[in-house]
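Overview (structure and organization)
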Amino acid sequence: MPNVIKLRKGLDINLQGRAEETKIQLKSNGKFALVPDDFEGVTPKVVVHEGDKVKAGDALFVNKQYPEIKFASPVSGIVREVVRGERRKVLCIRVDADAQQEFVDFGKRDPGTLTGEQVINALLEAGIFGYINQLPYAVSTNPSVMPKAIFVSALRDKPLAADFQFEVKGQEEDFVTGLKALSKIAKTHVGLGIQPDFQTAIRQLGADNVAELTIFDGKCPAGNVGVQVNHLDPVNKGEVVWTIGDPTVVLFIGRLFNKGRVDLRRTVALCGSEVKSPAYVDMLVGEELSTLLSNSYDASHAVRIINGNVLTGKPTTKDGFLGAHTSEITVIPEGSDADEMLGWILPRFSQFSVSRSYFSWLLGKKQYALDARIKGGERHMIMSGEYDKVLPMDIYGEYLIKAIIAGDIDRQEALGIYEVSPEDFALAEFVDSSKLELQRIVREGLNILRKENS
């Protein structure tokens, strides 16, 4: 049986608009774009030109620092445009899909017969190696430094998160094949939730023979891969672990070996209190969102469309594209047109509060329709222990944030910055009475540290 780790710290935010376990059929408009910013730490070098014909699996851009790391086109078609921003920064590479899709044939292979080096070369050739991240620095990894272990989180527990157990139904073989391939590179750990059906399905296919399975029993952010690393094998200075916090990436890897081609299809939850009929839909990475979002919500008042979940996702529009690691498209009220008589004086039975400032805590497990307002301004940081209540890691979160703000690198290292990623502080940012942008602060601190150590 898998090991069980119980986490006492954390916070579950019960929001309205969870996707029903049904799939809606989506007819694509054929517009796709791969966005380099979806791959943290990658400096893109475009290897195609406008008007080029590409197949699904052909490289659109490479990592300038490590040119062997390619990023594959999700579809076959014509390169429509290389969109650039300030200082010619590559914003995205747009592709108009063919009516009949063509795929690069990479050949079916059994990863059990391959070495770790051969597995890495196969992922590099197919342009999906860059979907694997690493700690320290929480960036897209590279093959120049081998990891001491690989960590996969198959538990999604953020608010309104897509259920991976629903997505993986019928694809368990691809998932286990992906784990088998990763296990050839280094010892592989898989973090699971309390999902007996999923556990049974993958164990019957031999998942526990190629990876170490661990059940994380606790509130959000138990599903964060950084939290799981912290409890299983913490990262010290000079060590590297590879991480896959998006379990669909394991399906990408498994499909490559089982089908011999790049298949970047994923099951996405269209969710949020503003969505008329929350449900799931199959989409390709980089697919335009306009078809999905048309008539899915009431456009008569302001809404926030989020590419991802409410804690770590990025604001987008109908003209945006599905992110490389996005498993939810969330639509919530913007809050800019809210009119609350008497403001904070009201008892607020419909508002959520961690500190029980509102009377809503008396209503038990009520579902809330929260909007995007911050409800307060940035102020001096108060050492209140708020972060520690929702951060189930063996670090002092508030002291680490102060060290990052102060630019004290030695102090940051002593306080465990090599173990964290911005998403680990998403809940702390939500409960922070000082209204600091903790995820941005952590990301800037990690970027500075990476430059210092390069």
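Below you will find a few notes about this structure. (Residues numbered from 1 in each chain as written. Predicted model: local features only at pLDDT ≥ 70, side-chain atom pairs only at ≥ 80, totals over all residues. Heavy atoms only, no water.)

1. Comments concerning a nonpolar patch on the surface
Operational definition: Excluding any residue in a salt bridge, patches collect residues exceeding 30% relative accessible area, merging like charges within 9 Å and nonpolar Val, Leu, Ile, Met, Phe, Trp and Tyr side chains within 5 Å. Surface accessibility in these figures is a Shrake-Rupley result with a 1.4 Å probe; residues are shielded only by whichever protein chains are displayed. Put simply, a salt bridge is a Lys or Arg side-chain nitrogen that is within 4 Å of an Asp or Glu carboxyl oxygen. Going along the chain from the N terminus, every DSSP run of H or I of four or more residues is numbered as a helix, and every run of E of two or more is numbered as a strand.
Side chains of Met383, Tyr396 and Tyr399 sit close together on the surface and give an oily, nonpolar patch of about 340 Å² of accessible area. Within the secondary structure, Met383 sits in the loop between β19 (328-333) and α9 (386-390).

2. Thoughts on the environment of Asp208
So the rule is basically this: Under this definition, polar contacts are N or O atom pairs within 3.5 Å; protein pairs additionally need one hydrogen-donor-capable and one acceptor-capable atom, and for neighbouring residues in sequence, both atoms have to be side-chain atoms.
With respect to the helices, strands and loops of the structure, Asp208 is situated in helix α5 (residues 207-210). Within the structure, the side chain of Asp208 is placed 3.3 Å from the side chain of Arg203, a separation counted as a polar contact.

3. Comments concerning the sheet that holds strand β5 (residues 59-63)
Note the cut-off: Any two strands are treated as partners once DSSP identifies two or more bridges connecting them. In this description, a line fitted to the C-alpha atoms serves as the axis of each element, helices being fitted only across the stretch in contact, and the angle between N-to-C directions of two axes falls anywhere from 0 to 180 degrees.
Sheet architecture is open: 3 strands sit in the order β3-β5-β6, paired in antiparallel fashion. In this open sheet, the two edge strands, each paired with only one partner strand, are β3 (44-46) and β6 (70-72). If you compare each strand with its neighbour and ignore which way they point, the axes differ by 35° on average. Bridging between β5 and β6 involves 3 bridges; their strand directions are antiparallel. Directly across from Val62, in β6, lies its bridge partner Lys70.

4. Looking at the packing of helix α1 (residues 116-126) against helix α7 (residues 248-259)
Note the threshold: Angle categories are assigned with fixed cut-offs, so that under 35 degrees is roughly parallel, over 145 is roughly antiparallel, 65 to 115 is roughly perpendicular, and the rest are oblique. In this description, contact between two residues means that some pair of their heavy atoms is separated by no more than 4.5 Å. In the scheme used here, Gly and all other residues not listed as nonpolar or charged are polar, with Ala, Val, Leu, Ile, Met, Phe, Trp, Tyr, Cys and Pro taken as nonpolar and Asp, Glu, Lys and Arg as charged.
One way to put it is that α1 packs onto α7 with a least axis distance of 11 Å and a crossing angle of 95°. With respect to α7, the element α1 is oriented roughly perpendicular. For the pair α1 and α7, the contacting residues are Val119, Ala122, Leu123 and Ala126 in the first and Ile253, Leu256 and Phe257 in the second. Within the contact of α1 with α7, the residues separate by chemical class into 7 nonpolar, no polar and no charged.

5. Here's the deal with the nonpolar core
Short version of the rule: As used in this record, nonpolar core signifies buried Ala, Val, Leu, Ile, Met, Phe, Trp, Tyr and Cys residues forming a set joined through side-chain atoms within 4.5 Å. Each residue gets one of three labels from its accessible area relative to the maximum for its type: buried under 20%, exposed over 50%, partly exposed in between, using a 1.4 Å probe on protein chains only.
The biggest cluster of nonpolar side chains holds 65 residues, and the ones touching the most others in it are Ile93, Leu123, Ile128, Tyr131, Phe175 and Ile253. With 7 residues, α7 is the single largest residue contributor to this core. In this view, Tyr131 contacts Leu34, Phe39, Val249, Phe252, Leu264, Val285, Ala324 and His325; residues no more than four positions away in its chain are not counted.

6. Focus: the packing of aromatic side chains
Each aromatic ring pair is described using two quantities: the centre-to-centre distance and the angle formed by the ring planes. Our working definition: Here a Phe, Tyr or Trp ring, Trp counted by its six-membered ring, pairs with any other such ring whose centre lies within 6.5 Å, and the pair is stacked when the planes are under 30 degrees apart, edge-to-face when over 60, and tilted otherwise. Lysine NZ or arginine CZ positioned within 6 Å of the ring centre and within 35 degrees of the ring normal marks a charge as sitting over the ring.
Under the criterion given, the structure shown has 12 aromatic pairs. Ring centres 5.6 Å apart and planes at 80° place the aromatic pair Tyr131 and Phe252 in the edge-to-face group. Highlighted residues: Tyr131 in the loop between α1 and β9 (133-135) and Phe252 in helix α7, separated in sequence by 121 residues. In this structure, Tyr131 and Phe252 share a single accessibility class: buried. Pairwise contacts between aromatic rings join Phe39, Phe61, Phe71, Tyr131 and Phe252 into one cluster. In this structure, Arg261 is placed above the aromatic ring of Phe103, and the distance from its NZ or CZ to the ring centre is 4.1 Å.

7. Things to note about the sheet that holds β19
Read across the open sheet, the 5 strands follow the order β16-β15-β19-β17-β18; overall the sheet is mixed. On the outer flanks of this sheet lie β16 (279-284) and β18 (314-316), each paired with one strand and no other. In this sheet, adjacent strand axes meet at a mean angle of 35° when their direction is disregarded. Here strand β17 (residues 303-307) pairs with β18 via 3 bridges, running antiparallel. By the bridge assignment, Asn307 is partnered in β18 with Lys314.

8. Describing the environment of Glu437
When you line up the elements, Glu437 lands in the loop between α12 (426-431) and α13 (438-453). By relative accessible area, Glu437 is classed as partly exposed at 43%. When the C-alpha atoms of Glu437 and Asp410 are compared, they prove to be 22 Å apart, with 27 residues separating the residues in sequence.

9. As for unusual backbone geometry
Backbone torsion omega between Leu135 and Pro136 reads 10°, so that peptide bond is classified as cis. In this fold, Pro136 is placed in the loop between β9 and β10 (139-140). Of note, the amide linkage connecting Cys220 to Pro221 takes the cis form, showing an omega dihedral of 15°. Looking at the secondary structure, you find Pro221 in the loop between β13 (212-217) and α6 (225-232). Backbone geometry places Arg87, a non-glycine residue, at a positive phi of 55°. Residue placement: Arg87 occurs in the loop between β7 (77-84) and β8 (90-97).

10. As for α7
Condition: Under the convention used throughout, the expected extent of a helix is 1.5 Å for every residue step, that is, one less than its residue count.
Between its first and last C-alpha atoms α7 spans 16 Å; for 12 residues at 1.5 Å apiece the expected length is 16 Å, and the two agree. Among the 12 residues that make up α7, 10 are buried, leaving the element largely enclosed by the rest of the structure. The elements touched by buried residues of α7 are α1, β11 (150-153), α2 (164-167), α3 (172-183), β14 (241-244) and β15 (265-271).

11. Description of the pattern of salt bridges
One pass over the structure, following the stated rule, counts 21 salt bridges. We note a salt bridge from Glu288 to Arg94, for which the minimum N-O separation is 3.7 Å. Taken together, the residues Glu288 in the loop between β16 and α8 (290-293) and Arg94 in strand β8 connect sequence positions 194 residues apart. Comparing Glu288 with Arg94, the two get one shared label, buried. Notably, a salt bridge pairs Asp246 with Arg156, separated by 3.5 Å at the nearest N-O pair. Of this pair, Asp246 sits in the loop between β14 and α7 while Arg156 is found in the loop between β11 and α2, placing the two residues 90 residues apart along the sequence. With relative accessibility at 16%, the residue Arg156 sits in the buried group. What emerges from the salt-bridge pattern is a single network uniting Arg156, Glu167, Asp246 and Arg266.

12. A short note on the packing of α3 against helix α4 (residues 196-204)
We count it as follows: Handedness of a helix crossing follows the sense of rotation of the near helix relative to the far helix, less than a right angle counterclockwise being left-handed and clockwise being right-handed.
Where α3 meets α4, the axes come as close as 9 Å, and the angle between the chain directions of the two elements is 65°. Read as a crossing pair, α3 and α4 show a hand that is right-handed. Between α3 and α4, the residues in contact are Glu172, Phe175 and Val176 and Phe198, Ala201 and Ile202, respectively.

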